[in-house]
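Architecture at a glance
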Amino acid sequence: MNVLGLFVPGRSVLHRLPAGAKLLGLLALVTVLVALDDHRAGLIATPAAALACLCAYPATGLGLRRPLRLLLPLLPFLAVIALFQTLTGDPWAALRVCLLLVAAVLAAGLVTFTTRVSAMLDLFERLARPLAPAGVRPDRVALVLALTVRSVPMVAAAWQESRDACAARGLPAWPHLTVVPVIVGMIRTAEAMGEAMTARGVD
Amino acid sequence: MAESPAQAVRYRGLTARDLALVAVFAALLAALSMPFAIPVGPVPITLQTLGVMLAPAILGAKRGTLSILTFLALTLAGLPLLPGGRGGIEPFLGPTGGYLLGWVVGALVIGVLTQTLMRRYRFWGGFLINIVGGIGAIYLVGVPWSALYLGDTLLAGFIGAGVFLPGDLLKAVLAAAIAAAVHRAYPVPPAGRRVVKEQPDAESERPRA
Amino acid sequence: MIELRDVSHAYGDRPVLRGISLDLAEHRIGIIGANGSGKSTLARTLNGLVVPDSGTVRVDGRDTRRDPRAARRRVGFVFSDASTQILMPTVAEDVALGLRRVGLTADETRSRVDAVLDRHGLLDHRDHPAHLLSGGQKQMLALASVLVTEPDVLVCDEPTTLLDMHNARVIERTLRALPQRLVLLTHQLDMLQGFDRVLVIDAGRVVFDGAPDAAIAHYTALMDARAPSTEPSGLREGPGERS
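Here is what the cut-offs are and how they apply
- Residues numbered from 1 in each chain as written.
- Chains lettered and ligands numbered in written order.
- Predicted model: local features only at pLDDT ≥ 70, side-chain atom pairs only at ≥ 80, totals over all residues.
- Heavy atoms only, no water.
- Helix = DSSP H or I, 4+ residues; strand = E, 2+ residues; numbered from the N terminus.
- Rg over C-alpha atoms; globule rule 2.2 N^0.38 Å.
- Buried < 20%, exposed > 50% of the residue type's maximum accessible area, 1.4 Å probe, protein only.
- UniProt positions renumbered as here; feature names shortened; annotations may be inferred.
- Salt bridge = Lys/Arg side-chain N within 4 Å of Asp/Glu carboxyl O.
- Expected span 1.5 Å × (residues − 1).
- Contact = heavy atoms within 4.5 Å.
- Polar contact = N/O pair within 3.5 Å; in protein donor to acceptor, adjacent residues only side chain to side chain.
- Patch = residues over 30% accessible without salt bridge, like charges linked within 9 Å, V, L, I, M, F, W, Y side chains within 5 Å.
- Areas by Shrake-Rupley, 256 points an atom, 1.4 Å probe, with all protein chains shown as cover.
- Pairing = 2+ DSSP bridges.
- Axes fitted to C-alpha atoms, helices over the stretch in contact; angles between N-to-C directions.
- Buried area = accessible area lost by both parts, 1.4 Å probe.
- Nonpolar A, V, L, I, M, F, W, Y, C, P; charged D, E, K, R; others polar.
- Phe/Tyr/Trp six-rings, centres within 6.5 Å; stacked < 30°, edge-to-face > 60°.

Turning next to the overall build of chain C. Helix and strand counts for chain C come out as eight helices and ten strands. Taking 243 residues into account, the globule formula puts the C-alpha radius of gyration at 18 Å, and chain C, at 18 Å, falls close to it. Taking the principal axes of its C-alpha atoms as reference, chain C extends roughly 55 × 40 × 35 Å. Counting over 243 residues, chain C shows a buried share of 50%.

This part takes up the overall build of chain A. Across its full length, chain A holds nine helices and zero strands. For chain A, the N- to C-terminal ordering of α and β elements is α-α-α-α-α-α-α-α-α. Relative to the globule expectation of 17 Å for 203 residues, the C-alpha radius of gyration of chain A, 23 Å, shows a markedly less compact shape. With respect to the principal axes defined by its C-alpha atoms, chain A has extents near 65 × 45 × 35 Å.

All names here are of chain A. Per the UniProt record, "transmembrane region" (unreviewed entry) is annotated on residues 19-36, 42-63, 70-87 and 93-113. What you have in residues 19-36 is 100% helix and 0% strand, and the ends, taken at the C-alpha atoms, are 26 Å apart. Here residues 93-113 runs as 100% helix and 0% strand, with 30 Å between its end C-alpha atoms.

Another aspect to go through is the pattern of salt bridges. Enumeration over the complete set of coordinates arrives at 18 salt bridges over all chains. Note that R17 of chain B and D18 of chain B form a salt bridge whose closest N and O atoms lie 3.5 Å from each other. Neither R17 of chain B nor D18 of chain B differs from the other in exposure class; each is buried. Among the ionic pairs, D127 of chain C bridges to R126 of chain C, the shortest N-O distance being 3.2 Å. Of the residues examined, D127 of chain C reaches a relative accessible area of 54% and is grouped as exposed. Because the salt bridges share partners, they merge into one network encompassing E195 of chain A together with R44 and D157 of chain C.

Turning our attention to helix α7 (residues 165-177) of chain C. Residue and element names in this part refer to chain C. Helix length check: α7, at 13 residues, gives a terminal C-alpha distance of 18 Å against a target of 18 Å (1.5 Å per residue), a fit within 8%. Buried residues along α7 sit in contact with β3 (28-33), α6 (135-147), β7 (153-157) and β8 (181-185). Where α7 begins, the capping side chain belongs to D164, and its oxygen is found 3.2 Å from the backbone nitrogen of H166.

Our focus in this paragraph is unusual backbone geometry. Residues and elements named next belong to chain C. Phi angles above zero are rare outside glycine, and E150 is one such case at about 55 degrees. The residue A203 is not glycine, and still its phi comes out positive at about 50 degrees. The residue A203 is located in the loop between β9 (197-202) and β10 (205-210) in this model.

A separate point is a nonpolar patch on the surface. Residues and elements named next belong to chain A. On the surface, L43, I44, W92 and L95 cluster together to form a nonpolar patch covering roughly 430 Å² of accessible area. Among the elements of the structure, α3 (40-59) and α6 (91-114) are those that each provide at least two residues to the nonpolar patch. The topology assignment puts L43 in helix α3.

Further remarks concern the sheet that holds β3 of chain C. Residue and element names in this part refer to chain C. Spatially, β6-β7-β8-β3-β9-β10 is the arrangement adopted by the six strands of the open sheet, whose pairing is mixed. The sheet terminates laterally at β6 (75-78) and β10, the two strands that pair on one side only. When the angles between neighbouring strand axes are averaged without regard to direction, this sheet yields 20 degrees. Where β6 and β7 come together, four bridges link them in parallel fashion. Bridge pairing in β7 links V78 to C156. The strands touched by α6 within the sheet are β6 and β7, with β6 carrying the most contacts at an inclination of about 170 degrees.

If you look at the interface, chain B gives 58 residues, while chain A gives 60 residues. The contact between chain B and chain A buries some 4900 Å² in all, and 80% of this surface belongs to carbon and sulfur atoms. Summed over the shared surface of chain B and chain A, the number is zero salt bridges. If you list the elements that add at least two residues to the side of chain B that touches chain A, you get α1 (16-32), α2 (48-59), α3 (61-76), α4 (90-93), α6 (123-150) and α7 (153-185) of chain B. The greatest single-element share of the side of chain B that touches chain A, amounting to 14 residues, is contributed by α1 of chain B. Taken together, the residues that form the side of chain B that touches chain A break down as 41 nonpolar, ten polar and seven charged.

In space, the four strands of this open sheet follow the order β2-β1-β4-β5 (chain C), with antiparallel pairing throughout. Each end of this open sheet is capped by a strand with a single partner; those strands are β2 (14-24) and β5 (62-63) of chain C.

Glancing now at the interface of chain A and chain C. Contact residues are listed per partner, giving 24 residues for chain A and 24 residues for chain C. Surface buried jointly by chain A and chain C totals about 2300 Å² across both partners, of which 55% is contributed by carbon and sulfur atoms. Contact with chain C buries area across many residues of chain A, yet R150, E195 and R200 of chain A alone supply 33% of it, more than any other trio. Here chain A and chain C share two salt bridges between them. Of the charged contacts, one joins R200 of chain A and D94 of chain C as a salt bridge, the two residues approaching to 3.4 Å between their closest N and O atoms. The interface formed by chain A and chain C contains five residue pairs in polar contact (both at pLDDT 80 or more). Of all elements in the fold, only α8 (138-168) and α9 (175-199) of chain A reach the threshold of two or more residues within the side of chain A that touches chain C.

In this section: the packing of aromatic side chains. Following the criterion strictly, the structure yields seven aromatic pairs over all chains and no others. Each ring, one from F123 of chain B and one from W124 of chain B, has its centre 5.1 Å from the other, and the planes form 75 degrees; the classification is edge-to-face. Under the relative-accessibility criterion, F123 of chain B is labelled partly exposed at 26%. The exposed category is assigned to W124 of chain B, whose relative accessible area is 60%. Here the aromatic rings of F77 of chain C and F79 of chain C are separated by 4.7 Å at their centres, their planes lie at 40 degrees, and the arrangement is tilted. As far as burial versus exposure is concerned, F77 of chain C and F79 of chain C are alike and both buried. Here the aromatic cluster, defined as three or more aromatic residues joined through ring pairs, consists of F123, W124 and F127 of chain B.

In structure tokens:
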């Protein structure tokens, strides 16, 4: 698996901001927009925010195709919202909600595209620290997240292997033949990994 | 597994094996997003909810819920683990974000019910539990969330039911069948370190991860 | 020095170790035995991965039951399947993992990781995803990840079983060159040439303890005597590797 994920390398201001600041900014923006939603100011602020977020994409070197691809899966939803809210007699509400959704998704995308996965995971680990008295161990949070990234190719390989095993016996790769052995294999793999972790003193 | 059901035996915390099981099932969830995604309308149908039901049905409440949380954390961090290569923060903010959070509640409900109601995993019990947790609990979070955007709970419920329900029922059946087979083939021991206590007490375990 | 005193262990109601007492102090020790003989379980008692049902195992005088962590710091363990031993996404991260508890600075960690990777020919791969390595490289990485913590003793449970001949030779040569004491479990009997001591395990007991050639002769005779009565219906059952 590509450990870069959705991150797009770059040197813009947004790229250089710490992950926590960006998340906080996103939270603040969405909160303000939702709070302004029923006010007259919202009618200006929401489209302005959406437009500003859209413009930020080319400005940070992300181009315009990425935001459009983010919005594409929203279109059917936007259509349903617009239709329904208009039918109930409030076309302005329809417009507001649609723009709010667009602004929020575009702003969130900005954070995702300009933040390294590792920076975000480090942030999660730091955020987990105050939970220590409740029994959460931040080092283990980080360990499990990394273990998962490492396990994805292994799980994918296990599926492929079981399909091949079926093919080798002249059987079609029916899911009901392969799923249970694959999952049992995964459990055994996890047990071996657990043993290796214990042996290396990382438990 | 073969432990005597004595009241005084409890399991505390999480062992290295438990951490690995959490990670591997989170990875399974990620793998399930890939080959089978069928993008239908606004809400893509995938096998991921199958994973959401399987993890707690096989691993129990603690490890099952943690594996869902782990998967969601990696998604949130920007890995493209959702159907269609989506990931990052925006799927959580969008109209179907509530379903993602609902997965956590659903896994918890399935895990707790499985542990408390079934001493041995059975298909029919598992199926009913999957419906309660994997459909009921998930919709309970997902539908009101969609309703925030749609402005109407009824419509959101209708869309949720219409689009997700047939597939989810099928997945509830599949998950119960698979979990029953896995429990028969290779039962996973309970999470945590075995602690033998002087006297039995029902103090709840703390999640550790 | 690892001392075992009357060590017995069972999985459920199936005994796997029956009253084993040993002092392991030699530089190169080999352990051979059939599948299911108990040799893997025996190896796992040496660093506290398995704490025996009865009897004691002491590593440098410390009981593995009381202080398994101390035993694991002194006794490193390499398994046969490298892919389950690699725990982190990239090569360098995996090697660094074992150092987290040691309390080094980031720079010290980095230089120790790089030194170990260099010694085992993996430095060019330091930032590569670990799952893209070849089978031999994976086993080398598993070895490097254990050696970075500088254990006194290395226990290897069939480290070359899953490798081709070339990679098996490379691993064998690496193991022979290690300054550490080595306890090697293997089915590849030629690897035991020049060892100080070889144990033959059968049905949970040490049935032979001595020089490699004599041990191999004993083991071969044992297996030959057993072969006719167990074929072809009698493939021996494995130990069901569950701890």
